[in-house]
Amino acid sequence: MGRFIYLDNAATTKTAPEVVEAMLPYFTEKFGNPSSVYGFAAANKDVITAQRDIIARALGAKSSEIYFTAGGSESDNWALKATAEAYGHKGKHIITTKIEHHAILHTGEYLESKGFDVTYLDVDEDGVVKLEELKNAIRPDTILISVMYANNEIGTIQPIKEIGAIAHEHGILFHTDAVQAFGQVPINVDECHIDMLSASGHKLNGPKGIGFLYIRTGVKIRSFVHGGAQERKRRAGTENVPGIVGLGTAADRAVKTMEERSARETALRDYMIERVQKEIPYCRLNGHKTDRLPNNANFSFRFIEGESLLIMLDMKGICASSGSACTSGSLDPSHVLLAIGLPHEIAHGSLRLTLSDETTKEDIDYVIDNLKEIVEHLRKMSPLYEDFVKKNS
Ligand SMILES: *Cc1c(COP(=O)(O)O)cnc(C)c1O
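Quick caveat: nothing in here was measured; it's all calculated off a predicted structure.

### Topic: the overall build of the protein chain
Within the protein chain one finds 13 helices and 13 strands. Against the globule reference of 21 Å for 393 residues, the protein chain gives a C-alpha radius of gyration of 22 Å, in line with a compact fold. With the C-alpha coordinates aligned to their principal axes, the bounding extent of the protein chain is approximately 75 × 55 × 35 Å. In the protein chain, the share of contacts with a sequence separation of at least 24, taken over all contacts with a separation of at least 6, comes to 72%. Here the protein chain displays about 17,200 Å² of accessible surface, and carbon together with sulfur accounts for 54% of that area. If you average the places of the 44 positive and of the 53 negative side-chain charges in the protein chain, the two averages end up 2 Å apart.

### Some points on the nonpolar core
By size, the foremost hydrophobic cluster in this structure holds 63 residues, and its most contacted members are Leu59, Ile145, Tyr149, Ile187, Ile194, Leu197 and Phe212. No other element matches the seven residues that helix H8 (residues 241–279) contributes to this core. Two domains share this core, each providing at least three of its residues, namely domain 1 (5–12 + 258–392) and domain 2 (17–254). In contact with isoleucine 145, not counting residues within four places along its chain, are Ile95, Leu134, Ile138, Ile163, Ala167, Ile172, Leu173, Phe174 and His175. In this structure, Leu268, Ile318, Leu353 and Val367 belong to the second largest nonpolar core, which totals 29 residues.

### Details of the pattern of salt bridges
All chains considered together, the criterion is met by 25 salt bridges. Of the charged contacts, one joins arginine 275 and glutamate 279 as a salt bridge, the two residues approaching to 2.8 Å between their closest N and O atoms. With arginine 275 and glutamate 279 both in helix H8, this residue pair falls four residues apart, about one helical turn.

### Focus on the packing of aromatic side chains
For the structure on display, the rule yields eleven aromatic pairs. With a centroid separation of 6.5 Å and an interplanar angle of 65 degrees, the aromatic rings of tyrosine 282 and tyrosine 385 are classed as edge-to-face. Pair noted here: tyrosine 282 is in the loop between H8 and strand S9 (283–285) and tyrosine 385 is in helix H13 (residues 383–392), with a separation of 103 residues, a long-range link. One aromatic cluster in this structure is built from Tyr282, Phe303, Tyr385 and Phe388. Above the plane of the ring of tyrosine 110 lies lysine 81, whose end atom (NZ or CZ) is 5.0 Å from the centre. One residue, arginine 232, lies across the ring of tyrosine 67, its end atom 4.3 Å from the ring centre.

### As for the environment of aspartate 124
Examined against the element boundaries, aspartate 124 turns out to sit in the loop between strand S4 (117–121) and helix H5 (131–137). Non-local contacts of aspartate 124, meaning those with residues more than four positions away in its chain, are made with Lys130 and Ile340. Here aspartate 126 takes part through its backbone nitrogen, which lies 2.9 Å from a polar atom of the side chain of aspartate 124.

### Notes on the sheet that holds strand S8 (residues 211–215)
In a beta sheet, neighbouring strands pair by backbone hydrogen bonds and run either parallel or antiparallel. Spatially, the seven strands line up as an open sheet ordered S2-S8-S7-S6-S5-S3-S4, and their pairing is mixed. The two strands at the open ends of the sheet, each matched to only one other strand, are strand S2 (66–69) and S4. Recorded for the sheet is a direction-independent mean angle of 20 degrees between the axes of neighbouring strands. Direction of pairing for strand S7 (residues 196–200) relative to S8: antiparallel, over a ladder of five bridges. Bridging from a neighbouring strand, leucine 197 pairs with tyrosine 214 of S8. The strands that helix H2 (residues 39–59) touches are S2, S7 and S8; relative to S2, the one it contacts most, it runs at about 115 degrees.

### A word on the site of the ligand
In the region of the ligand, 13 residues are neighbours, and Ser73, Asp177, Gln180, Ser200 and Lys203 sit closest. At 2.7 Å from a nitrogen atom of the ligand is found a side-chain nitrogen or oxygen belonging to aspartate 177. For the ligand, an oxygen atom lies 2.7 Å from a polar atom in the side chain of lysine 203. Here the ligand loses 88% of its free accessible area of 380 Å² to cover by the protein chains. Here the shell around the ligand gets three residues from one element, more than from any other, and that element is helix H3 (residues 72–87).

### With respect to the domain arrangement of the protein chain
Domains assigned within the protein chain are domain 1 (5–12 + 258–392) and domain 2 (17–254). The straight-line distance from the C-alpha centre of domain 1 to that of domain 2 is 29 Å. Facing the 27 residues of domain 1 at the interface are 30 residues of domain 2. Interface area, domain 1 with domain 2, both sides summed: about 2,400 Å², of which 50% is carbon and sulfur. Looking only at domain 1, the three residues that lose the most surface to domain 2 are Met258, Leu293 and His335, adding up to 26% of its buried area. If you look at where domain 1 meets domain 2, you find one salt bridge. Put simply, arginine 253 and aspartate 357 hold a salt bridge, and the shortest N to O gap is 3.1 Å.

What counts, and at which threshold
Residues numbered from 1 in each chain as written. Predicted model: local features only at pLDDT ≥ 70, side-chain atom pairs only at ≥ 80, totals over all residues. Heavy atoms only, no water. Helix = DSSP H or I, 4+ residues; strand = E, 2+ residues; numbered from the N terminus. Rg over C-alpha atoms; globule rule 2.2 N^0.38 Å. Contact = heavy atoms within 4.5 Å. Areas by Shrake-Rupley, 256 points an atom, 1.4 Å probe, with all protein chains shown as cover. Lys, Arg positive; Asp, Glu negative; His and termini not counted. Charge placed at Lys NZ, Arg CZ, Asp CG, Glu CD. Core = buried A, V, L, I, M, F, W, Y, C linked by side-chain atoms within 4.5 Å. Buried < 20%, exposed > 50% of the residue type's maximum accessible area, 1.4 Å probe, protein only. Domains from an automatic or database assignment. Salt bridge = Lys/Arg side-chain N within 4 Å of Asp/Glu carboxyl O. Phe/Tyr/Trp six-rings, centres within 6.5 Å; stacked < 30°, edge-to-face > 60°. Lys NZ or Arg CZ within 6 Å of the ring centre and 35° of its normal. Polar contact = N/O pair within 3.5 Å; in protein donor to acceptor, adjacent residues only side chain to side chain. Pairing = 2+ DSSP bridges. Axes fitted to C-alpha atoms, helices over the stretch in contact; angles between N-to-C directions. Near = heavy atom within 4 Å. Buried area = accessible area lost by both parts, 1.4 Å probe.

Take a look at the structure:
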């Protein structure tokens with residue numbers, strides 16, 4: 001059998017076996033609706049509360065501040081739209097960044113169509129928000145700052161504590177999309193002055209289609225789904241009990257293993273970065289060198305088409321991701337890579353490799369050995385590379 005190496009853990013992760021096991025009874029013998037009166041079903045209420053407690057503890061939050069949603073996109077939509085609705089009378093200005101996930105960017109565009117004014121901050125060449133620029137963007141009518149905790153493409157971790165402090169100094173609410181960060185780096189909502197935080201199960205070895213929004217007590221936020229009284233009347237719908245149990249179990253596992261996992265993945269990541277930079281010429285590491293997610297590496301290779309690279313890696317059994325916005329079927333390079341200042345042609349030749357706790361050094365060696373060959377092969381076929389070599393020889 002050929003090899004199968006999955007290095008696309010920023011796109012989604014494998015659901016951990018213990019997570020699946022914890023979920024299974026809630027599909028079969030414990031299937032009751034938590035809103036029902038009889039004990040068999042009502043017991044699931046306590047099960048949900050227990051998961052809420054686990055997540056709250058992981059963030060230094062209160063259990064009553066955790067609202068289950070159908071994932072990161074819903075949490076992001078909810079945070080922005082409901083804040084706009086509840087605080088729109090105070091002002092119509094929102095600040096976010098150019099490198100957010102589309103769940104934020106497209107919600108921002110939607111709010112612009114509803115009469116809100118959205119500022120999209122630039123980032124520096126490492127993908128870090130410039131605090132001075134943030135301060136300068138604040139206006140008397142600014143009601144919300146939304147900056148992602150860590151970027152899903154280049155892995156850069158933002159100075160969240162400083163950003164939160166700036167928001168609160170000005171009496172502005174602060175939301176962070178922590179979908180990539182939750183479970184990977186320690187987060188404390190009080191220390192970082194966070195009012196709302198989005199996270200998603202499937203990015204931390206939990207199931208897909210479940211996530212949560214942390215909403216600080218006192219933040220006036222409207223219901224996102226109207227109907228029954230679930231989630232303290234803020235998000236109607238019969239609870240996804242198996243999903244919630246999966247998310248809680250995954251969060252618990254992630255917190256308990258974080259230190260060791262992070263140290264191991266950081267070492268592997270740095271080994272990979274070092275080998276790539278040493279052995280493949282005309283290559284650039286994207287994102288911050290040290291303030292980055294433990295499992296993320298993102299490279300640009302000059303004279304290479306990212307899509308061809310992915311196809312050839314796939315033929316070697318390697319799952320990776322490029323930096324192009326292929327989600328929309330367009331060939332535009334990633335908005336994140338453009339925001340850090342890469343020219344189009346270099347952004348096009350980008351590759352994201354994101355590790356998991358199952359990734360081994362042997363996997364990394366296999367990937368780099370193949371990557372070296374593929375890059376060489378693709379460059380041989382590139383007229384641009386041929387010209388470049390001629391000019392430089
Ligand atoms: C994956 C991701 C999302 C979307 O989460 P879903 O659960 O897939 O909806 C939002 N933001 C970031 C940063 C992500 O990586």
